[in-house]
Each structure stands twice: as C-alpha cells, then as structure tokens.
Amino acid sequence: VSWPCVEGGRRDRGGVRRIWIGDAKLTFSVPRILLHLLPATPAVLYHVVVARRCASSLLRSSFSRRTKMVASAARKNAGVLALFDVDGTLTAPRKEVTPEMLEFMKRLRENVTVGVVGGSDLVKISEQLGKSVITDYDYVFSENGLVAHKDGKLIGTQSLKTYLGDDQLKEFINFTLHYIADLDIPIKRGTFIEFRSGMINVSPIGRNCSQEERDDFEKYDKVQIVL
C-alpha cells in the first residue's frame with residue numbers, strides 16, 4: 001500500500017509522517033499493525049488506504065490554509081503603500097463612491113497598506129467614501145495631507161494659517177475677491193473662496209452652485225479658460 005504524498009513534511013522510519021505548518025509540528029502514523037493483526041483481505045486493505053488518504057487530505061488542507069494565511073500576512077506587511085486620490089479617481093468629482101469601488105478597495109487592503117488623499121476636509125471626504133472612512137483605510141490624508149489619520153486616529157495636523165500668517169492670507173484673499181468680482185462669466189452664485197487648513201479653494205462661479213451648474217461651467221472653462 002503506497003503512502004499518499006503530503007507537502008511540507010517527510011516520512012521517518014516506521015511510516016511516521018511529520019508535518020511542519022508554521023511553528024506547529026504535526027505527527028501522524030498510520031497503524032500498519034492492522035495489516036498484521038487483521039487478515040489481508042481486499043476489504044481490510046481498502047479501509048486502510050481510505051484511512052491514510054483521509055488523514056493525508058486533512059494534513060494537506062491544514063497546510064494549505066496555513067500557507068495562504070502566511071502568504072497573505074507577508075503581502076500585507078511587504079511595505080507596499082497604495083495611495084489613491086478621491087475626486088476623479090475613487091469617485092467622480094464630489095460624487096459618492098460606487099459599491100464596486102468599495103469592494104475593490106476592501107480586497108486590495110487585504111494584501112497591501114491602503115491610504116486615500118483628498119483636497120477636501122474630512123467631512124466632505126466622508127460624504128463621498130462613507131462615514132467610517134478613517135477606519136476603512138489604513139491612512140486617510142485630508143486637506144491635501146495636512147490632516148492625517150492612521151488606523152482611525154489623528155496623527156498630525158498643519159495649516160496655512162499657522163505657516164503663512166493672517167497678513168499674507170488676507171492679501172491673497174483680497175486680491176482674489178477683486179479679481180473674481182471683475183470676471184464676466186455666465187453665472188455667479190456664492191462662496192467664491194473656501195478656506196481650509198491645507199488650501200484655499202477658489203471658485204469663480206461659487207461653491208454654492210448646483211452640480212448641473214458646476215458641470216456646465218467646467219465645459220465653459222475648457223473653452224474660455226477663465227482662470
């Protein structure tokens with residue numbers, strides 16, 4: 001009766017099979033004594049072979065599962081960091097993420113470290129990627145990376161106000177508002193400047209515009225090049 005092959009181990013004297021799965025050692029021996037105590041009929045031989053194959057299959061299955069777990073952990077800790085922009089990459093501009101993209105990102109995170117980067121603040125990113133965004137990804141960098149979260153915890157912040165000071169910010173904002181006031185464009189709404197920790201968002205038609213108005217202005221700007 002032949003011994004079925006089992007990966008990851010070796011057979012010692014006496015038919016003892018030792019299998020190493022990670023740090024665990026499994027020792028298995030088919031009782032060959034059965035062949036001596038019982039009559040070597042076809043039925044007895046059949047049951048001995050079945051017993052060996054079942055045990056071998058069990059060990060192969062355990063070894064395979066352990067190998068996949070180790071391989072998965074190795075891939076996760078391979079030092080690979082995949083960073084994704086939000087608007088125009090994970091989502092359409094200011095739109096919600098699709099279920100298909102969420103599933104893709106979830107599967108990707110099982111293999112590598114995943115982070116998202118956006119120019120918007122965390123509130124707006126959460127509206128697009130979900131309220132649990134800071135725990136759904138390993139890293140979340142909002143406001144162009146000046147507000148950083150890792151594993152759901154805030155790890156660092158910085159701001160234009162601290163770096164530049166109010167005098168320089170006021171000079172830039174005053175100039176921008178005067179410039180927009182003199183622009184002759186089809187429509188204007190409101191909130192032409194939005195101050196964030198990591199950037200100053202300038203919108204010639206105003207951020208209070210509707211999505212349809214935003215789309216129309218994008219087409220207009222490609223032709224007229226407003227700014």
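Only a predicted model underlies this, so the values are computations on that prediction, with no experimental measurement involved.

**Points about the overall build of the chain**
Here comes step 1: Helix and strand counts for the chain come out as eight helices and ten strands.
Here comes step 2: Each of the 227 residues in the chain was classed as buried or not, and the buried ones make up 30%.
Here comes step 3: Across the chain, contacts joining residues at least 24 apart in sequence account for 50% of those joining residues at least 6 apart.
Here comes step 4: For the chain, the accessible surface area stands at approximately 14,700 Å², while carbon and sulfur atoms represent 56% of it.

**Topic: the sheet that holds strand β6 (residues 139-142)**
Here comes step 1: Taken in spatial order, the five strands of this open sheet run β4-β5-β6-β7-β8, and their pairing is mixed. In this open sheet, the two strands that pair with only one neighbour each are β4 (81-85) and β8 (153-157). Sheet twist, expressed as the mean angle between neighbouring strand axes with direction ignored, is 20°.
Here comes step 2: With four bridges connecting them, β6 and strand β7 (residues 147-150) associate as antiparallel partners. The partner of serine 142 across the bridge, within β7, is valine 147.
Here comes step 3: In this fold helix α4 (residues 122-129) packs onto β5 (113-117), β6 and β7, with an angle of close to 125° to the strand it touches most, β6.

**Thoughts on the side chain of glutamate 194**
Here comes step 1: Here glutamate 194 lies in strand β9 (residues 193-195).
Here comes step 2: Here arginine 196 takes part through its side chain, which lies 2.7 Å from a polar atom of the side chain of glutamate 194.
Here comes step 3: Ignoring anything within four residues of it in the chain, the contact list for glutamate 194 reads Lys124, Met199, Ile200, Asn201 and Arg207.

**Details of the layout of surface pockets**
Here comes step 1: In this structure, the largest pocket encloses a volume near 640 Å³.
Here comes step 2: Taken together, 29 residues form the lining of the largest pocket, with Pro93, Asn201, Ser203, Arg207 and Arg214 sitting closest to its centre.
Here comes step 3: Within the residue set of the lining of the largest pocket, elements represented by two or more residues are β10 (200-202) and α8 (211-224).
Here comes step 4: It is α8 that contributes the most residues to the lining of the largest pocket, six residues altogether.
Here comes step 5: Classifying every residue of the lining of the largest pocket gives eleven nonpolar, eight polar and ten charged.
Here comes step 6: Looking at which domains feed residues into the lining of the largest pocket, each of domain 1 (85-158) and domain 2 (161-225) supplies at least three.

Rules and cut-offs
Residues numbered from 1 in each chain as written. Predicted model: local features only at pLDDT ≥ 70, side-chain atom pairs only at ≥ 80, totals over all residues. Heavy atoms only, no water. Helix = DSSP H or I, 4+ residues; strand = E, 2+ residues; numbered from the N terminus. Buried < 20%, exposed > 50% of the residue type's maximum accessible area, 1.4 Å probe, protein only. Contact = heavy atoms within 4.5 Å. Areas by Shrake-Rupley, 256 points an atom, 1.4 Å probe, with all protein chains shown as cover. Pairing = 2+ DSSP bridges. Axes fitted to C-alpha atoms, helices over the stretch in contact; angles between N-to-C directions. Polar contact = N/O pair within 3.5 Å; in protein donor to acceptor, adjacent residues only side chain to side chain. 1 Å grid on protein atoms, 1.4 Å probe; cavity = no way out; pocket = protein on both sides within 12 Å on 5 of 7 lines; lining within 4 Å. Points joined across faces, edges and corners; volume = space filled by probe spheres on them. Nonpolar A, V, L, I, M, F, W, Y, C, P; charged D, E, K, R; others polar. Domains from an automatic or database assignment.

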